[in-house]
Amino acid sequence: MDYGVARALYGENLLGALVTDLYFDRPPPVRALKHYSAGIPPNLVSRHILAGLRYRASLRRSKQCVWPHLAISERIAGTTVQQLEATESDTVYGFDNAMLPIMDRVAGKGVRLILEQCIAPRNQYIEAMQRLEEKLVSSEVRIDLSGLRRSMSYARIAAGIEGQEWILADKIFCPSQFVAASLAEMGVPKAKIRVIPYGVTVSNDRVPHQREILRNKPRIIFGGSFSWRKGAYEFGLLSKKIGKCATFEAYGGVAVEQNIINEIAPNVIFKGRQPKQIFLENLAQSDILVLPSYSEGSATVVYEAMAHGLACVVTNECGSVITDGIDGLIVSASDDEGLYRSVRRLVDDKDFRMEICRNAQSTARQHTREAYGQRVLEQMMSIDRRKL
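Report follows, based on the coordinates. As the structure is a prediction and not an experimental result, all values here were calculated from the model.

1. Let's talk about the overall build of the protein chain
Alright, step 1. Scanning the protein chain for helices and strands turns up 15 helices and 12 strands.
Alright, step 2. Against the 2.2 N^0.38 benchmark of 21 Å for 388 residues, the protein chain shows a C-alpha radius of gyration of 21 Å, consistent with a compact globule.
Alright, step 3. Projecting the C-alpha coordinates of the protein chain onto the three principal axes gives extents of approximately 60 × 45 × 45 Å.
Alright, step 4. Among the 388 residues that make up the protein chain, the fraction classed as buried is 55%.
Alright, step 5. Considering only intrachain contacts with a sequence separation of at least 6, the fraction spanning at least 24 residues in the protein chain is 68%.
Alright, step 6. On the protein chain, roughly 17500 Å² of surface is accessible, and the fraction owed to carbon and sulfur atoms is 49%.
Alright, step 7. One way to put it: in the protein chain the 50 positive side-chain charges average out to a point 5 Å from where the 43 negative ones average out.

If you want it as structure tokens, here you go:
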């Protein structure tokens, strides 16, 4: 979230230190790294740039492995403890699956621990993927090539880590009611949980063009890793059902084998990973975002699409701020028929689509990065005013 928490705390003189892997005092010339900067003074930042670059390289080489996450978390944990002592701060704000090494080191020292649960609990993901596996089997998709079981094995390890984090955390901030409800179902006391929706800020010049929105053949877009978790199968099936009434494009990496892609999504145009600016420009020229995800925290791409005036069709599991039928449409994960009906309605009814687009932009104005930071501050103030 563009260092949204650190920005907000720094603005109120509440930031003792930002401990992270990648951070630059000013945006570097490398396009992929430009967003690793936030205007926070260098004396308040402890970074591990080489370790962060190695971490990202490891993620590209070693899919579904736990060790890269553990290694970088351990590195950051040591520095965090040092900064706690140096700044005399008594609170740590950190993120799920990265907090446990810190928690273990400060146990019993009176340090307050605030955990941000960025995504839905891993056990929710495992249950969702088990349901999807049954669906794929019935559709004669080869499970041995799907990678689903490998991803569930990784998730089981991550679930063990986050389960211990929930126990040790004093408060847990989460980005959506969906995540909050999932945490409660996993046994986390409701008194620990706070909901703080995310937000994004987009430039004012990126606005949808009337001629694009009103064209007869809407441009339907998918943003993010084209994976089973995010609804790759459902998006591909939808493109087959809608047929020639719309174009379907997918932006982001592809986490499904090419021979399976050829089978499940032959009508989808794959654009691959694009720089953020290029993606947002294409988003602004599209009409409908479809994200049939099985498990999210609160998908950033939905906020971006709403800010650009797109009509969004998402699952309840996306954890969006959409009110169904007002500023977007919501279906349940794996509800193929419900997804088709919702998208078809937007394709066929231009007036309804325009109303959804206008309302989406109105809602997005309440969910900027700055508003997100303010919500974090308000929750922090409601607990206690201390340096982090």
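2. Thoughts on the pattern of salt bridges
Alright, step 1. Taken as a whole, this structure holds 17 salt bridges when the rule is applied.
Alright, step 2. Here R56 makes a salt bridge to D21, at a shortest N to O gap of 2.6 Å. Linking R56 in helix α2 (residues 49-61) with D21 in the loop between β1 (18-19) and β2 (45-46), this pair joins segments that are 35 residues apart in sequence.
Alright, step 3. Residue R56 is classed as partly exposed on the basis of its relative accessible area of 22%.
Alright, step 4. Given a relative accessible area of 8%, D21 falls into the buried group.
Alright, step 5. Note that E74 and R105 form a salt bridge whose closest N and O atoms lie 2.9 Å from each other. Of this pair, E74 sits in helix α3 (residues 67-87) while R105 sits in helix α4 (residues 100-106), and the two are 31 residues apart along the sequence.
Alright, step 6. Looking at E74, the relative accessible area reads 40%, which means it is partly exposed.
Alright, step 7. With a relative accessible area of 33%, R105 lands in the partly exposed category.
Alright, step 8. A network of salt bridges, in which partner residues are shared, links D2, R369 and E370.

3. A short note on the sheet that holds strand β9 (residues 268-272)
Alright, step 1. Taken together, the 6 strands give an open sheet; going across it, the order is β9-β8-β7-β10-β11-β12, and neighbouring strands pair in parallel fashion. Of all the strands in the sheet, just β9 and β12 (329-331) have a single pairing partner and so form its edges. Sheet twist, expressed as the mean angle between neighbouring strand axes with direction ignored, is 25°.
Alright, step 2. Of the pairings in the sheet, the one linking strand β10 (residues 288-291) to strand β11 (residues 311-315) comprises 4 bridges and is parallel in character. Residue pairing across strands places I288 opposite A311, the latter belonging to β11.
Alright, step 3. Packed on one face of the sheet, helix α9 (residues 232-242) meets β7 (219-223), β8 (247-251), β9 and β10 and runs near 165° to β8.

4. Details of the sheet that holds strand β3 (residues 91-95)
Alright, step 1. The strand order across the open sheet formed by 4 strands is β3-β4-β5-β6, and the pairing between neighbours is parallel. Looking along the sheet, the strands with just one partner apiece sit at the ends: β3 and β6 (193-195). Across this sheet, the average inter-strand angle for adjacent strands is 25°, counted without regard to direction.
Alright, step 2. As judged from the 3 bridges shared by strand β5 (residues 171-174) and β6, these two strands associate in the parallel manner. Note that in β6 the partner of I172 across the bridge is I193.
Alright, step 3. Those strands touched by helix α7 (residues 177-185) are β5 and β6, and its axis lies near 165° from that of β6.

5. A look at the state of the cysteines
Alright, step 1. A complete count under the given rule lists 0 disulfides for this structure.
Alright, step 2. The closest cysteine sulfur to the non-disulfide-bonded C318 is located on C312, 9.3 Å from its own sulfur.
Alright, step 3. On the accessibility criterion, C318 (0% relative accessible area) is buried.

6. Considering helix α1 (residues 4-11)
Alright, step 1. Taken residue by residue, α1 has G4, V5, A6, A8 and L9 as its buried positions.
Alright, step 2. In this structure, the buried side of α1 is in contact with β1, β3, β4 (112-116) and α15 (369-383).

7. A short note on the environment of R149
Alright, step 1. Along the chain, R149 falls in helix α6 (residues 148-168).
Alright, step 2. What R149 contacts, discounting residues up to four positions off in sequence, is E133 and I143.

8. Some thoughts on the packing of aromatic side chains
Alright, step 1. Throughout the structure, instances matching the rule amount to 10 aromatic pairs.
Alright, step 2. Measuring from centroid to centroid gives 6.3 Å for F226 and F235, while their planes differ by 80°, and the two rings are edge-to-face.
Alright, step 3. By relative accessible area, which is 0% here, F235 ends up buried.
Alright, step 4. Each ring, one from F226 and one from F270, has its centre 4.9 Å from the other, and the planes form 90°; the classification is edge-to-face. With F226 in the loop between β7 and α9 and F270 in strand β9, this pair connects stretches of sequence that are 44 residues apart.
Alright, step 5. Exposure remark for F226: the relative accessible area of 1% places this residue in the buried category.
Alright, step 6. Chaining the aromatic ring pairs together yields one cluster made of F222, F226, F235, F248 and F270.
Alright, step 7. Between R345 and the ring centre of F352, over which it is positioned, the NZ or CZ distance is 3.7 Å.

What counts as what
- Residues numbered from 1 in each chain as written.
- Predicted model: local features only at pLDDT ≥ 70, side-chain atom pairs only at ≥ 80, totals over all residues.
- Heavy atoms only, no water.
- Helix = DSSP H or I, 4+ residues; strand = E, 2+ residues; numbered from the N terminus.
- Rg over C-alpha atoms; globule rule 2.2 N^0.38 Å.
- Buried < 20%, exposed > 50% of the residue type's maximum accessible area, 1.4 Å probe, protein only.
- Contact = heavy atoms within 4.5 Å.
- Areas by Shrake-Rupley, 256 points an atom, 1.4 Å probe, with all protein chains shown as cover.
- Lys, Arg positive; Asp, Glu negative; His and termini not counted.
- Charge placed at Lys NZ, Arg CZ, Asp CG, Glu CD.
- Salt bridge = Lys/Arg side-chain N within 4 Å of Asp/Glu carboxyl O.
- Pairing = 2+ DSSP bridges.
- Axes fitted to C-alpha atoms, helices over the stretch in contact; angles between N-to-C directions.
- Disulfide = S-S within 2.5 Å.
- Phe/Tyr/Trp six-rings, centres within 6.5 Å; stacked < 30°, edge-to-face > 60°.
- Lys NZ or Arg CZ within 6 Å of the ring centre and 35° of its normal.

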